[in-house]
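Descriptive analysis of the structure
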Amino acid sequence: MNSNGGWNVVGCESLLNQPILQYSNEIRSAVLIVHGEKAHSCYFSRDAYANMVKDSKYTDNKELMIIPDAVHTDLYDGGGKDAIPFEKLQSFFEEYLK
């Protein structure tokens with residue numbers, strides 16, 4: 001309920017039951033998933049990618065890029081590690097955003 005001091009009995013439990021990856025293998029658009037190897041949520045990107053390409057006819061334009069030793073926030077500002085893969089982003093966009 002944000003910062004209004006209210007209390008919500010239900011909350012977001014319904015989101016937990018949503019099949020959010022169920023139809024991801026039907027995505028035709030190009031997808032580049034970039035995630036830090038040491039980010040706590042890296043498992044989700046790996047799972048999402050695996051689900052997206054499993055039994056899919058549209059795998060040629062899908063990529064999973066795991067940045068070694070990077071955490072979540074390293075991909076926001078580079079983290080002093082030059083972790084943001086600018087060249088890969090540019091080449092991916094140039095190839096698929098025509």
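Look a little higher up for the structure.
Read on for an overview of the structure. Computed from a predicted model, the values in this text were never measured in an experiment. (Residues numbered from 1 in each chain as written. Predicted model: local features only at pLDDT ≥ 70, side-chain atom pairs only at ≥ 80, totals over all residues. Heavy atoms only, no water.)

A word on the side chain of Lys-62. On the secondary structure map, Lys-62 appears in strand S2 (residues 62-67). Although Lys-62 lies buried, it forms no salt bridge, and the closest oppositely charged side chain, Asp-60, sits 8.9 Å away as judged by the N-O distance. Of the polar contacts made by the side chain of Lys-62, one reaches the backbone oxygen of Ser-29; its length is 2.9 Å. (Helix = DSSP H or I, 4+ residues; strand = E, 2+ residues; numbered from the N terminus. Buried < 20%, exposed > 50% of the residue type's maximum accessible area, 1.4 Å probe, protein only. Lys, Arg positive; Asp, Glu negative; His and termini not counted. Salt bridge = Lys/Arg side-chain N within 4 Å of Asp/Glu carboxyl O. Polar contact = N/O pair within 3.5 Å; in protein donor to acceptor, adjacent residues only side chain to side chain.)

Right, let's get into unusual backbone geometry. A positive phi is found at Asp-69, a non-glycine position, where the angle reads about 60°. According to the relative accessible area criterion, Asp-69 is partly exposed, its value standing at 45%. Of note, Asp-82 is a non-glycine position whose phi angle comes to about 50°, a positive value. Structurally, Asp-82 is set in the loop between helix H3 (74-77) and helix H4 (86-96).

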